[in-house]
Amino acid sequence: MTTAPAARTALTHVISSEQFDRARLDDLFVRAAELDGARNQRCAGQIMATLFYEPSTRTRLSFESAMLRLGGTVLGTEAAHAFSSAIKGETLEDTIRMVSTYADVIVLRHDQLGAASRAAAVAAVPVINAGDGPGEHPTQALLDLFTIQRELGRIDGVHVAFCGDLRYGRTARSLALLLALYPGVCCSFVAPDVVQVGADILSRLDDRGVPHREVSSLADVIDDADVVYQTRVQKERFGDPAEFDLARTAIRIDADVMRALPQRAIVMHPLPRVDEIAPEVDADPRAAYFRQAANGVAIRMAVLDSVLS
Amino acid sequence: MTTAPAARTALTHVISSEQFDRARLDDLFVRAAELDGARNQRCAGQIMATLFYEPSTRTRLSFESAMLRLGGTVLGTEAAHAFSSAIKGETLEDTIRMVSTYADVIVLRHDQLGAASRAAAVAAVPVINAGDGPGEHPTQALLDLFTIQRELGRIDGVHVAFCGDLRYGRTARSLALLLALYPGVCCSFVAPDVVQVGADILSRLDDRGVPHREVSSLADVIDDADVVYQTRVQKERFGDPAEFDLARTAIRIDADVMRALPQRAIVMHPLPRVDEIAPEVDADPRAAYFRQAANGVAIRMAVLDSVLS
Amino acid sequence: MTTAPAARTALTHVISSEQFDRARLDDLFVRAAELDGARNQRCAGQIMATLFYEPSTRTRLSFESAMLRLGGTVLGTEAAHAFSSAIKGETLEDTIRMVSTYADVIVLRHDQLGAASRAAAVAAVPVINAGDGPGEHPTQALLDLFTIQRELGRIDGVHVAFCGDLRYGRTARSLALLLALYPGVCCSFVAPDVVQVGADILSRLDDRGVPHREVSSLADVIDDADVVYQTRVQKERFGDPAEFDLARTAIRIDADVMRALPQRAIVMHPLPRVDEIAPEVDADPRAAYFRQAANGVAIRMAVLDSVLS
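None of these values were measured; they are calculated from a predicted model. (Residues numbered from 1 in each chain as written. Chains lettered and ligands numbered in written order. Predicted model: local features only at pLDDT ≥ 70, side-chain atom pairs only at ≥ 80, totals over all residues. Heavy atoms only, no water.)

Student: Hey, could you run me through the pairing of strand β4 (residues 127-132) of chain A in this one?
Tutor: It is a general feature of regular strands that their side chains alternate between the two faces of the sheet. Residue and element names in this part refer to chain A. Taking burial as the measure, the six residues of β4 include six buried ones, the bulk of the element. Pairing between strand β3 (residues 105-110) and β4: four bridges, direction parallel. When the bridges of β4 are listed, Val 107 appears paired with Ile 128. You can see the chain leave β3, run along helix α4 (residues 115-122) and come back into β4, and the turn it takes is right-handed. (Buried < 20%, exposed > 50% of the residue type's maximum accessible area, 1.4 Å probe, protein only. Helix = DSSP H or I, 4+ residues; strand = E, 2+ residues; numbered from the N terminus. Pairing = 2+ DSSP bridges. Right-handed = clockwise from strand over helix to strand, strands pointing away.)

The structure is reproduced here in structure tokens:
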């Protein structure tokens, strides 16, 4: 990764976390830290469209909060499929061309892989990918990385233990790839075989020289973990209920785990959590997941500010 | 009721109409009268989240209008159940913690009794209860009381005749309890037995020394009523259609009732009305129900201004 | 049509495109051209309610964009039927009276003919008809006419070839009637018999002295067309699938049609389009349909500015 001049030009579209190099990430995190908690008028007079083909209220509200704090305004729909319903049959491209005339930036959530790229190809305004099915959700990966930096004061050299659904969950996979941009990082993948991380991710970490371990018990790696990144195992990924139960109960963060966790470490989770983190953990200052959610607003402020300024 | 200093501190959460004493009510009504019709910037830069677990468009729009008139902004959802859907299983508490990072005040509508209290217990920002199932809807009670004061110039000593569904309808019950804070008030409850007011309310009025009468005909009490507070009988409360029909048709406000009603009196209704008030009544200056709806915006402006300033 | 003084007073409600005479249209188009692309504070402190009894996200977002660009704010619902649901039974009139207390202008979409007029009769604020079932959608007709003026520099004397569903589609019919206000205009109606324009429209054009032709092939009239106004044939209008297929495939705008179309002419479409305009046409500068959609925001800004100032 270089810090070539091109890397510092304004962002246009935000489609993939892989479009960010170190220089862009550094810029973005500085901006996010400055904007965190701020209320200003940097986007006054500008309109953000939230175009959601599937509901994702959490993501939508976080983006809307970000835009409102920047003094901008919001319009949108959580029923964007109406544009391309069986009866009307409009293409995504036509919808984007039209919404481009209503708004200054489009936040797109879609159920199809590649939808954000297709949208960006025809949009007259910046497109931000808020999830394209099995594809990416780049602002989630950015806020995760930003959280590590804020909580630990550095990203270089951290050891992140990923837990939960590492096969199907896109958040852990995206974060692992972003971490590979930082020297000295190492990754542990803690999961039963049925949801252990895929060879594709491991091969990319190898290419980038990132050491990694695959284990089935958190006890094997917790001693020198800086971050435990827990994720939810999603029932809908499993055909076999027994496999789901196995995956779901394999790794749970509770008071016992917290006793084993180093004092300097943190626990993260992209939320929502169900029972993979016990409520008793919430009061521990190392429980960073609600601060992580709040960082989502700051990161989205920084992203909006970048594409609109 | 005392006017102890504590009563005059800023509101934090608004959960129950019973948290208001005379001093708070007086303050709130002065503020509501000042804010009525105003457009200002008192909440500029602040964000209200409307978190509705069941649709209540009327209540939501009234709150949103209030916040926008104060120069604030709004985000929200009428499908908040998505946060705790079967698949995801997030608790209300976690949702509130998260939304606390997006907004400066949360207006919560929920279908479960006690939801607003649970939310307030974990929220980092003020929570306003916009209805918690069979529980309370305090801003409705406040706007009702405010309407009596504005329309009649006083609350002390008024005689309110409650009609309609006094058993299941929470608005009449909440208003009766608030009226008990004012000297000289008396209450008539006009309903067939099947929807007559419950012994719990009567016992509390007795405790507070409020005289009351239970009758089945409005004619028995109309001569010296200051307020006829009509309510809608909700079909969904009845298993037996015959009972519903009896309750629904027992008391209807029409031109004949208006002839019997004193000139100084008013007719109120929380809306929506169906046929329990005839359209012919609308043109009568004593028909206060649409002015009452408008007062809802003023009261909610005062409440938002209190919790956000 | 006269330019009587009355014609120049402020608009109150916008219910029908036929309430506009030449003087009003001239004023409106001047204002729309001035406001196009502007961000100002002309409606600061004012609230627009979008009250949609059926979803029409495209129309709603266009109105919302217009209001936000004027510095105003927006509240609303796409589920307005909840107000008059079987359980609650509120009339449209009561809903409008209530929403009048929340907002400074109401944009109403309803599935029943005449709903906008009924609303205007009781509203305390201006009502803008955003479609009343088989009735009218006046801002669509206005933006179509405005597009012709902007694209061609004039409306007087233009020849518009209407294609597609001229029987059931209200956009082509409304535009034809508005064109009749301009001298020298002529209309061609290009459709198979099953969706050819109705005798009611032709008779009104005759009354106003507008020459017209009804043909089944675009080739018959394309040579001196200034505008080809294509429309979508809606499946839901047809009982017989064979009739639908006939109507749907009869006239398609593609590269061959574009070769025959005069260089000065434009292609319009109210959107969404399905396959009645081939994607290959999009890159042609004469393809005006996305510019037409953008004009919708400018026209709605002008309409809102008129009714709110």
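Here the narrative resumes.
Student: Would you mind going over the domain arrangement of chain A with me for this structure?
Tutor: All names here are of chain A. Split by domain assignment, chain A resolves into domain 1 (17-136 + 294-307) and domain 2 (138-293). Here domain 1 and domain 2 have C-alpha centroids that lie 26 Å from each other. Each side of the interface is counted separately: domain 1 has 30 residues, and domain 2 has 28 residues. When the area that domain 1 buries against domain 2 is broken down by residue, the three leading residues are Arg 22, Phe 29 and Asn 295, summing to 28%. Viewed at the interface, domain 2 and domain 1 are joined by four salt bridges. Between Arg 204 and Glu 18 there is a salt bridge whose closest N-O contact spans 2.5 Å. Of all elements in the fold, only α1 (22-35), α2 (57-69), β4 and α10 (289-308) reach the threshold of two or more residues within the side of domain 1 that touches domain 2. If you tally residues by element for the side of domain 1 that touches domain 2, the top one is α10, at eight residues. (Domains from an automatic or database assignment. Contact = heavy atoms within 4.5 Å. Buried area = accessible area lost by both parts, 1.4 Å probe. Salt bridge = Lys/Arg side-chain N within 4 Å of Asp/Glu carboxyl O.)

Student: Where do I start with the sheet that holds strand β2 (residues 73-77) of chain A in this structure?
Tutor: The strands that make up a sheet pair up through hydrogen bonds in the backbone, lying either parallel or antiparallel. All names here are of chain A. The parallel open sheet is built from four strands, whose spatial order is β2-β1-β3-β4. Only two strands of the sheet have a single neighbouring strand rather than two, namely β2 and β4. Neighbouring strand axes in the sheet, compared pairwise and without regard to direction, differ in orientation by 15 degrees on average. Docked against the sheet, α2 engages β1 (47-52), β2, β3 and β4, running at close to 175 degrees with respect to β1. (Axes fitted to C-alpha atoms, helices over the stretch in contact; angles between N-to-C directions.)

Student: When you look at the packing of aromatic side chains in this model, what are you seeing that I'm missing?
Tutor: Residue and element names in this part refer to chain B. For the structure shown, the criterion picks out twelve aromatic pairs over all chains. Aromatic pair Phe 29 and Phe 146: ring centres 5.4 Å apart, planes at 45 degrees, arrangement tilted. In this pair, Phe 29 is assigned in helix α1 (residues 22-35) and Phe 146 in helix α5 (residues 138-152), connecting sequence segments 117 residues apart. The buried category is assigned to Phe 29, whose relative accessible area is 2%. Note on Phe 162 and Phe 189: the rings are 5.4 Å apart at their centroids and 10 degrees apart in plane angle, and the pair reads as stacked. (Phe/Tyr/Trp six-rings, centres within 6.5 Å; stacked < 30°, edge-to-face > 60°.)

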